[in-house]
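Report on the structure
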Amino acid sequence: MLLEQFLEECERLLEAHLSGKREDNVLPELKRFLSLLDRSELSHFSSLGEYLSKFISYLSRIDEFPHDRKVKRLKNGLEMIAKLRNFFLLHNSEEIESLLGRPVSPSTPIKYAYSVGEARSKILKRMDIETIGDLIQYFPRDYEDRRIIMPISSIVPDRKVSVKGRLLNFSAKKASGYTIISAVVSDGFGQLLLKWFNQDYIIQKLRRDREYLIHGLAKETPFGPMEMNSPEIEEIQGEVPREILPVYSLTSGISMKMMRKIVKRNLGLVRSLDDLVPSSITTERGLLPRKHAFTAIHFPKSLYEIRKARESLAYEEFFLFETTILFRKRQIRKEYQGLQKEISGVLSKRLIESLPFELTKDQVTAFEEIRDDMRAASPMNRLLQGDVGSGKTLVAELAMVDNYEAGYQSALMVPTSVLAMQHYEKIKRELSPIGIETGLLTGSLKKNEQDFVRMRLKKGEIDVVVGTHALIQDGVEFKNLGLVVVDEQHRFGVKQRETLTTKGKLLDSLVMTATPIPRTLALTVYGDLDISTILTLPKGRSPVRTIILARKRLKDLYSYISDELKMGHQAFFIYPLIEESEQVDLKNATDEATKLREEVFPGVGVELLHGRLNDNEKQEIMQRFRSRQSMILVSTTVVEVGIDIPTATVMVIEHPERFGMAQLHQLRGRVGRSNLKSICVMVMNKAISDDALSRLREFASTSSGFDVAELDLRLRGPGEFLGLRQHGMPQFLIGDIVNDRDLLFKAREDAKQLMEEDPELLEHGALRIEMERVYSERARLIEVG
Ligand code: ADP
Ligand code: MG
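Residues numbered from 1 in each chain as written. Chains lettered and ligands numbered in written order. Predicted model: local features only at pLDDT ≥ 70, side-chain atom pairs only at ≥ 80, totals over all residues. Heavy atoms only, no water.

1. Regarding the overall build of the protein
Counting its secondary structure elements, the protein contains 27 helices and 22 strands. In terms of principal-axis extent, the alpha carbons of the protein reach across some 90 × 70 × 65 Å. Put simply, the protein has 785 residues, and 53% of those count as buried. Accessible surface, the protein as shown: approximately 36,600 Å² in total, 50% of it carbon and sulfur. Seen as two clouds, the 114 positive and the 113 negative side-chain charges of the protein have centres 2 Å apart. (Helix = DSSP H or I, 4+ residues; strand = E, 2+ residues; numbered from the N terminus. Buried < 20%, exposed > 50% of the residue type's maximum accessible area, 1.4 Å probe, protein only. Areas by Shrake-Rupley, 256 points an atom, 1.4 Å probe, with all protein chains shown as cover. Lys, Arg positive; Asp, Glu negative; His and termini not counted. Charge placed at Lys NZ, Arg CZ, Asp CG, Glu CD.)

2. Concerning helix H1 (residues 3-18)
With 16 residues, H1 extends 22 Å between its outermost C-alpha atoms, agreeing within 8% with the 22 Å of an ideal straight helix rising 1.5 Å per residue. What H1 keeps buried is the set Leu3, Glu4, Phe6, Leu7, Cys10, Leu13, Leu14, Ala16 and His17. Note on H1: the residue one or two positions beyond its end, Gly20, has a positive phi of about 85°. (Expected span 1.5 Å × (residues − 1).)

3. Observations regarding the packing of helix H23 (residues 661-668) against helix H24 (residues 690-700)
Two measures define how a pair of helices packs: the angle their axes make with one another and the distance between the axes. Interaxial distance between H23 and H24 falls to 11 Å at its minimum, and their mutual angle equals 45°. Taken together, the axis directions place H23 and H24 in an arrangement best described as oblique. The two elements H23 and H24 cross, and the hand of that crossing is right-handed. Listed contacts from H24 to Met661, Leu664, His665 and Arg668 of H23 are Arg695, Leu696 and Phe699. (Axes fitted to C-alpha atoms, helices over the stretch in contact; angles between N-to-C directions. Parallel < 35°, antiparallel > 145°, perpendicular 65-115°, else oblique. Left-handed = near helix turned anticlockwise from the far one by under 90°. Contact = heavy atoms within 4.5 Å.)

4. Observations regarding the domain arrangement of the protein
The domains assigned to the protein are domain 1 (3-89), domain 2 (148-241), domain 3 (360-376 + 391-513) and domain 4 (544-702). Domain 1 and domain 2 are separated by 38 Å when their C-alpha centres are compared. (Domains from an automatic or database assignment.)

5. As for the sheet that holds strand E19 (residues 606-609)
Strand order in the open sheet formed by six strands is E17-E22-E21-E18-E20-E19, and the pairing between neighbours is parallel. The open sheet is flanked by strand E17 (545-550) and E19, the only strands paired with a single partner. Across this sheet, the average inter-strand angle for adjacent strands is 20°, counted without regard to direction. Inspection of the sheet shows E17 paired to strand E22 (residues 679-684) by six bridges, in the parallel sense. Directly across from Thr546, in E22, lies its bridge partner Cys680. Against the sheet, H23 touches E17, strand E18 (570-574), strand E21 (648-654) and E22, its axis set at about 150° to E21. (Pairing = 2+ DSSP bridges.)

6. Focus: the site of ligand 1
Residues in close proximity to ligand 1 total 17 residues, the closest being Glu358, Gly389, Lys392, Thr393 and Asp644. In this structure, a nitrogen atom belonging to ligand 1 sits 2.9 Å away from a side-chain N or O atom of Gln363. Taking Lys392, its side chain carries an N or O atom lying 2.7 Å from an oxygen atom of ligand 1. Contact with the protein chains removes 89% of the 570 Å² of surface that ligand 1 exposes when unbound. Split into classes, the residues belonging to the shell around ligand 1 amount to four nonpolar, six polar and seven charged. (Near = heavy atom within 4 Å. Polar contact = N/O pair within 3.5 Å; in protein donor to acceptor, adjacent residues only side chain to side chain. Nonpolar A, V, L, I, M, F, W, Y, C, P; charged D, E, K, R; others polar.)

7. Considerations on the pairing of strand E13 (residues 464-467)
Going residue by residue along E13, you find Val464 and Val466 tucked away on one face and Val465 and Gly467 tucked away on the opposite face as well. Here four bridges tie strand E11 (residues 409-413) to E13, and the two strands are oriented parallel to one another. From the neighbouring strand, Leu412 faces E13, where its bridge partner is Val466. Where strand E12 (residues 438-441) lies against E13, four bridges are found, and the strand directions are parallel. Bridge pairing in E13 places Leu441 opposite Gly467.

8. Digging into the nonpolar core
Core analysis: the biggest nonpolar cluster contains 90 residues, and Leu124, Met259 and Phe319 have the highest contact counts within it. The element that contributes the greatest number of residues to this core is helix H12 (residues 303-335), accounting for 13 residues. Listed in part, the 37 residues of the second largest apolar core include Leu398, Ile434, Val485 and Ile534. (Core = buried A, V, L, I, M, F, W, Y, C linked by side-chain atoms within 4.5 Å.)

9. As for the pattern of salt bridges
For the structure on display, the rule yields 46 salt bridges. For Arg147, the salt bridge identified is with Glu4, shortest N-O distance 2.7 Å. Within this pair, whereas Arg147 is found in the loop between strand E1 (142-145) and strand E2 (149-150), its partner Glu4 is found in helix H1, the two being separated by 143 residues in sequence. For Arg147, a relative accessible area of 9% corresponds to the buried category. When its relative accessible area of 4% is taken as the criterion, Glu4 is described as buried. Note that Glu607 is salt-bridged to Arg624, the shortest N-O span being 2.5 Å. Taken together, the positions of Glu607 in strand E19 and Arg624 in helix H22 (residues 615-626) put the pair 17 residues apart, joining distant regions of the chain. (Salt bridge = Lys/Arg side-chain N within 4 Å of Asp/Glu carboxyl O.)

10. A closer look at the environment of Tyr304
With respect to the helices, strands and loops of the structure, Tyr304 is situated in helix H12. If sequence neighbours within four positions are ignored, Tyr304 has contacts with Glu4, Arg85, Asn86, Leu89 and Leu90.

11. Regarding the environment of Ile343
Assignment of secondary structure puts Ile343 in the loop between H12 and helix H13 (346-354). In this structure Ile343 comes out as buried when scored by relative accessible area, which is 9%. For the pair Ile343 and Asn448, spaced 105 residues apart in sequence, the C-alpha separation works out to 36 Å.

12. Overview of the side chain of Glu317
Inspection of the secondary structure assignment puts Glu317 in helix H12. For Glu317, which is buried and forms no salt bridge, the nearest opposite charge comes from Arg310, at a distance of 8.5 Å. Engagement of the side chain of Glu317 in a polar contact is seen with the backbone nitrogen of Gly735, the distance being 2.8 Å.

13. Details of unusual backbone geometry
Backbone geometry at Ser115 places phi at a positive 65°, although glycine is not the residue there. Here Ser115 shows up in the loop between helix H6 (93-99) and helix H7 (117-126). Owing to a relative accessible area of 18%, Ser115 belongs among the buried residues under this scheme. For His655, which is not glycine, the phi torsion reads 50° and is therefore positive. Among the structural elements, His655 can be located in the loop between E21 and H23.

14. What to know about the packing of aromatic side chains
If you walk through the whole model with that rule in mind, you get nine aromatic pairs. An aromatic cluster of three or more residues is present, and its members are Phe45, Tyr51, Phe87 and Phe88. For the cation-ring pair, Arg69 lies above Phe65, with the distance from its terminal atom to the ring centre recorded as 4.1 Å. We note Lys341 situated over the ring of Tyr408; from NZ or CZ to the ring centre the distance is 5.4 Å. (Phe/Tyr/Trp six-rings, centres within 6.5 Å; stacked < 30°, edge-to-face > 60°. Lys NZ or Arg CZ within 6 Å of the ring centre and 35° of its normal.)

15. Focus on helix H2 (residues 27-36)
Within an α-helix, residues lying three or four positions from one another point in the same direction, as the helix has 3.6 residues per turn. Buried residues of H2: Leu27, Glu29, Leu30 and Phe33, and no others. Looking down the long axis of H2, one finds its buried residues gathered within 160° of arc, a one-sided arrangement. In this structure, the buried side of H2 is in contact with H1 and helix H4 (48-59). (Arc of directions from axis to C-beta.)

16. A look at the packing of H1 against H2
Relative to each other, H1 and H2 sit at 170°, their axes nearing to 10 Å. The angle between the axes of H1 and H2 places the two elements in the roughly antiparallel class. Taken together, the residues of H2 that come into contact with H1 (itself represented by Phe6, Glu9, Cys10 and Leu13) are Glu29, Leu30, Phe33 and Leu34. Counted by class, the contact of H1 with H2 contains six nonpolar, no polar and two charged residues.

Okay, structure coming up:
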C-alpha cells in the first residue's frame, strides 16, 4: 500500500484502541501494515524510512504500558501521523513554487493564455472558460492516480485503477448514430477490454502493438476479461512518472493531455491570488493557504492533499459568502434609519389574556425578539420558522397589535385565498375587541369591493389587512404601512416579498414558514434574515401517527373513520391535482366525493373543495366544515397550507407518491392541531415503485418538520429543495451545503468573529474586493429584501 493508505490504517488502529473498541496488542498490527507498505515509497520520499522507524519505535513498547501511559502514547501517535501527512503528503512551499510558472493576470482573455491561441480558445469558450481566471477555477471532475500501476490480472472490479498494456487489436463500429470503439490490451498475464461510445477521436490514438497507460473503472463481465468503459488512454513514451493527474470534463476538439498542459502552464496565475481567509483562521482550522489550495486541486501530491485542497476552497467560498451577508447587513443598519416604534405592550397583553390557552415558551421568545426589532432603529428583517401547528399566526397577530399601538398599518400576505379568508376571520374575531379595524383583499373579490378596500387602506381606515398577491399589485397604497408579514413564505419568490416591502419606507418585515429549513439552508438562503424558531408545540399535542395503507384495506380505514365521526371528529381526503386544469384528476376527486357521500358515509355531510370554485363557494364550504355541518372534506391541495380545523383528526392522502416531502408534511399538519389523537393515512397503490415506497416509509418515520426537511434535502439535494434557485440561493462552485455543512457552520462562526474585530474590513482589502466582485448581484437582493 501507499504511504497515505498506511497512515490511514495506522490512524484507524490507534483510534480504535483509544476508544476502547480494540483491546488486543497494537504492535503486531502496526508491523503488519509496515510490511504491506509499497517499497518504492521509501525511495520516493527521502528520509521517510527514518521517520517511520521513529514512529514505530515510539509505539513499540506500548502494549506493556499501564493504561494512562498507553493512552498518552496513542494520542501522541495520532499527532505523529498528522505530522507525517503534512510533511510527506502535502507540497511544501518550494514544490509549489516550482509548479507555478510565470505570473499571469486572472482577467486575461483565454486566447492569450500560454498554449492556447485563437483556435483552442474557441473550444475552451464552449466550456465556459473565457479568461485565465475561469481556467484556474475549472476544477477537475476526477483524478487519475498513477502512483500504483496494477497488473491486469489483479484488478478489483468497480474501483478506479491504472494499468499498463500492449494494444492487441481494436475496431470501430457504427450503429444507428453511435460509434463504438473497442480495443483489447494485455500485459502478458491478463487481458482487458476497452470501450468508448461516440468518442471518435480516440481512434487516432490507437496503434497496434504499442504500449499504453490506461485509467478507468473496470467492470466484471459474464464471460471473458473485465471491461472498462470510456477509460483515459495514453501512449507510454519512456518512463511513466509517479503522479496524480487531474481529469477534466472536456468537449470535443481538446484532449486530456492538452488540457492538463494548458492548466499547468497557466498556473502562474495563482501567484496573484491574495488570501481571502485570514491566515490565523487558515492555520487554526487546518486549511491550506489559497495559493497552495488552488495549485493542489489541479496537481495534488496525494489523495490527502486533494481532500485538504477541496476543503480549503469550499471553506473559502462559504467564508466569503457569510462575510458578505454580515457586511451588507451592517451597511444597511448604518445607512437606513428605520421606524423606531414606541410600544407599551398594553394592547397585546390584552389579547394574550383573552386567549383560552397560555403561549408556549418559544412563542413568547419569538414575540419578544420581534418586539425588540420593531423598537430598534433599523428595519426588522426576520424569519419566523416553526413546524405546522406550532402557533405562528398568533405571534404574527401579536406583532401586528404592537405595530398598531405604535400607530402604523400592518399587512399580512398569504398564498391562497382560502387561507386569506381563514386568517381574516380569525384576526377580525380576535382583534376587533381591541378596537383594530381589519380588511380582506384578494383578487377574487368583486372589483368594487376591491376598490373600497383600497380606498380605506389609502385613507388609513384599515389597520390590519389580510390578502393574497392582490396586495402587491399596483394601485394598492397605504397611509402609513409599518409592518409586513408574509405567511408561508416559501410559496413566494424573493421578488414578491420585495415588492410589498417597497410599499412603505424601511418597513419592518416578518416572514413565516411552516416548512422549516435545515439550519444549513437557513444560513444560506435566508442568510440575510434574523431567525426566530418555534420548536415546541403547544401543550398536550401528540405526534400524528403516519400509516401506509394497502388499498385493499380501505374498509378498515372507513370503519375507523366512522368511529371518529361518532365522536364528532372530522376527516380530510386529499387528491393530488398537479395542475388545477387536469380534467382526469378533478374527475377522480369528484367521483370519490360522490362515492363517499352516497355509499360510504351517507348522512354525515361530505363536501368537495377544489381550486376552480369561486371564493364565495370556497368560503361557504370551509364555513360548513368548520361549524361541523359537514364532517368530511374531499379536497385537492387547496388545503395544503395553513388551514386550521382543530377537530379534524384524520388525513387520508391518495397517490401520496405524487407529492413532495414538504407537501406531505404540510398535509399531515392539517390534523393534530389540538389535543385530539390524529392519524395520517397514505393510501398505497400496487403500481408504485420501490423507490417511491421507501421514500414514503422514511417520511412515515418522521414527525417533525425539521426531520422532514433534512430528509428531503438528503434525497433531492439542495438545488431541487424548495426550488431554491428562485429564492436567490447562491451557487457554490465547490462547496456542498449538504456534505460540507460543518465547514459552513465554521465559516459562519469565523465570519462573525472577523466582523466583530474589523467591521469595515479595513484590514482585509482582498476579501472586500472579492466580495464585491462575486456577490454584487446577490448583495443587491439583500439590500432590498
Ligand atoms: P401554524 O404555526 O401552523 O400557522 P397556527 O398558528 O394555525 O399554526 O396554530 C395552530 C393551532 O394552534 C390554532 O388552532 C391555534 O389557535 C392553536 N394555538 C396557537 N398557540 C397555541 C398555544 N400556545 N396553546 C394551544 N393552542 C395554540
Ligand atoms: Mg400557519
